[in-house]
Amino acid sequence: MQVKFLLVHGPNLDMLGIREPDIYGTDTLEGIQQRVCAYAAGKGVEMDCFQSNHEGALIDCIHAAHAAYDGVVYNPGAHTHYSYALRDAVGSISTPVVEVHLSAVDQREPFRAISVVAPACVAQVKGLGVEGYERAVDILLEGHTARLGEGFEARYPAGNVIVARHE
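Residues numbered from 1 in each chain as written. Predicted model: local features only at pLDDT ≥ 70, side-chain atom pairs only at ≥ 80, totals over all residues. Heavy atoms only, no water.

Asks: Would you mind going over the pattern of salt bridges in detail, with residue names and values included?
Replies: Using the criterion set out here, one finds eight salt bridges in the structure. Salt-bridge contacts for K4 lead to E46; the nearest nitrogen and oxygen are separated by 3.9 Å. Highlighted residues: K4 in strand β1 (residues 3-9) and E46 in strand β2 (residues 45-51), separated in sequence by 42 residues. For K4, a relative accessible area of 25% translates into the label partly exposed. The salt bridge partner of K4 is D48, with a shortest N-O separation of 3.7 Å. On the criterion of sequence distance, the pair formed by K4 in strand β1 and D48 in strand β2 is long-range, its members being 44 residues apart. Look at D48 and you get partly exposed, because its relative accessible area is 26%. (Salt bridge = Lys/Arg side-chain N within 4 Å of Asp/Glu carboxyl O. Helix = DSSP H or I, 4+ residues; strand = E, 2+ residues; numbered from the N terminus. Buried < 20%, exposed > 50% of the residue type's maximum accessible area, 1.4 Å probe, protein only.)

Okay, structure coming up:
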């Protein structure tokens, strides 16, 4: 049976390559998707991609992932910091989700240090640029299913890659 992952990008990530290249780099969304899909294919994984600037479309996409995918690599963009609706969407499916950010969000503006989505995810990867998406694919292939949970920041060492462990 073919392993199948979904790569999801939230608001404003369609502007990658243009938007603040000193923070996000010069890779375009299309370039990132091609690179991550090629990386996944090299590991025997089929990968589909989705991007939207609309919260409801992202919620619908995550809900649909429940029955269709073995894992989700998700960069929620600004929704990371305030969208409880997307946090609940991730929490409502049993499909493991890894939250990814190109930049080290916790080292930027204070509001970016909080992720309301990450507790529902099995891991959070930040500050590794495009390589962070590849690390997320690897985390999903490792079979992690335990979620980070509320207050994960106090239970796990700070770093660019935080993966839930069974306690």
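Asks: So what's going on with helix α4 (residues 84-92)? Which residues, and what values?
Replies: Structurally, the α-helix is built with 3.6 residues per turn, so residues lying three or four positions apart point the same way. Restricting attention to buried positions, one finds in α4 the residues L86, R87, A89 and V90. Along the axis of α4, the buried residues cluster in a sector spanning 160°; they form a single face. Against the buried residues of α4 lie α3 (55-68), β3 (71-75) and β4 (97-101). (Arc of directions from axis to C-beta. Contact = heavy atoms within 4.5 Å.)

Asks: An account of the nonpolar core is requested, with residue identities and associated values reported.
Replies: Core analysis: the largest hydrophobic core is formed by 23 residues, its most contacted members being M47, V73, V98 and Y133. Broken down by secondary-structure element, the contributors of at least two residues to this core are β1, α2 (29-42), β2, β4, β5 (123-126) and α5 (131-141). When residues in this core are grouped by element, the largest group, five residues, is from α5. Ignoring sequence-local partners within four residues, the contact set of Y133 consists of L7, H9, I32, V36, V73, N75, V100 and L102. Among the nonpolar cores identified, the runner-up in size contains 19 residues, and L6, C61, V72 and L86 belong to it. (Core = buried A, V, L, I, M, F, W, Y, C linked by side-chain atoms within 4.5 Å.)

Asks: How would you sum up unusual backbone geometry? Please name residues and give values.
Replies: Positioned with a positive phi, N12 is a non-glycine residue whose angle comes to about 70°. Within the secondary structure, N12 is located in the loop between β1 and α1 (21-24).

Asks: A description of the side chain of H101 should follow, citing residues and the corresponding values.
Replies: Turning to its location among the elements, H101 is positioned in strand β4. What H101 contacts, discounting residues up to four positions off in sequence, is N75, P76, G77, T80, V125, K126, G127 and L128.

Asks: How would you explain the pairing of β4 if you had to name every residue and give the values?
Replies: Within β4, five of the five residues are buried, which leaves it mostly tucked inside the rest of the structure. Residue alternation in β4 divides its side chains into two sets, V97, E99 and H101 and V98 and V100, and both sets are buried. Note: β3 against β4, three bridges, orientation parallel. Following the sheet pairing, V73 is matched in β4 by V98. Chirality of the crossover, the property in question, places the unit of β3, α4 and β4 among those that are right-handed. By the bridge criterion, four bridges tie β4 to β5 in an arrangement that is parallel. In the sheet register, V98 faces β5, and the bridge partner there is A123. (Pairing = 2+ DSSP bridges. Right-handed = clockwise from strand over helix to strand, strands pointing away.)

Asks: Hey, could you go over the sheet that holds β3 for me, with residue numbers and the actual values?
Replies: What the six strands build is an open sheet, ordered β2-β1-β3-β4-β5-β6; its pairing is mixed. Across the chains shown, the open sheet's two edge strands, defined by having one partner strand only, are β2 and β6 (161-163). Direction aside, neighbouring strands of the sheet carry axes that sit 15° apart on average. With five bridges joining them, β1 and β3 adopt parallel strand pairing. Opposite L6, over in β3, you have V72 as the bridge partner. Seen against the sheet, α2 touches β1 and β2 and runs at an angle of roughly 160° to β2. Its contacts with the sheet place α3 against β1, β2 and β3, and it is angled at close to 170° to β1. (Axes fitted to C-alpha atoms, helices over the stretch in contact; angles between N-to-C directions.)

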